[in-house]
Amino acid sequence: MMRLDEALHNITLLGFDTAPFIYFVERHPTYLHVMRAVLHRVESGIITGYSSVVTLTPDALQIAAALHRGCQAFLTNDITLKRVTNLQVLILDEL
């Protein structure tokens, strides 16, 4: 399991999948602490976060939006997205 600090090392542009936002808004007990830490980095300007204009879009569009913005990583909880090789895919369950 990778630590959050390790996972976000040298990441300045981070794409977001829909699920992490839902976990944060719903205060999911498993993911709330991780999402607070990630969003703190966004709020403080350490990381710039991106998502597609409409977050409830297919994964391919969200990945494409992240790539278009030049993101180095994409935060999700969908392990099947690990097949994407154009950017680092960070799985919440692994952080």
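This text goes with the structure placed above it.
Residues numbered from 1 in each chain as written. Predicted model: local features only at pLDDT ≥ 70, side-chain atom pairs only at ≥ 80, totals over all residues. Heavy atoms only, no water.

### Some thoughts on helix 3 (residues 32-43)
End to end, helix 3 covers 16 Å across 12 residues, agreeing with the expected 16 Å (1.5 Å per residue, within 8%). Looking only at helix 3, the buried set comprises Leu32, Val34, Met35, Val38 and Arg41. Structurally, helix 3 contributes buried residues whose contacts are with helix 1 (4-7), strand 1 (13-16), helix 2 (18-25) and strand 3 (73-76). Count one or two residues on from helix 3 and you reach Gly45, which has phi positive near 85 degrees. (Helix = DSSP H or I, 4+ residues; strand = E, 2+ residues; numbered from the N terminus. Expected span 1.5 Å × (residues − 1). Buried < 20%, exposed > 50% of the residue type's maximum accessible area, 1.4 Å probe, protein only. Contact = heavy atoms within 4.5 Å.)

### Quick word on the pairing of strand 1
As defined by bridge partners, strand 1 adjoins strand 2 (residues 48-50) across three bridges and the pair is classed as parallel. Counterpart to Leu14 in the pairing with strand 2 is Gly49. Taken together, the three bridges between strand 1 and strand 3 define a ladder with parallel strand orientation. Bridge pairing in strand 3 links Leu14 to Ala73. (Pairing = 2+ DSSP bridges.)

### Remarks on the sheet that holds strand 3
Through backbone hydrogen bonds, the strands of a sheet pair up, either in parallel or in antiparallel fashion. The four strands are arranged 2-1-3-4 in an open sheet whose pairing can be described as parallel. Across the chains shown, the open sheet's two edge strands, defined by having one partner strand only, are strand 2 and strand 4 (88-91). Each strand axis lies, on average, 30 degrees off the axis of its neighbour in the sheet, ignoring direction. (Axes fitted to C-alpha atoms, helices over the stretch in contact; angles between N-to-C directions.)

These values are about where atoms sit, not about what they do.
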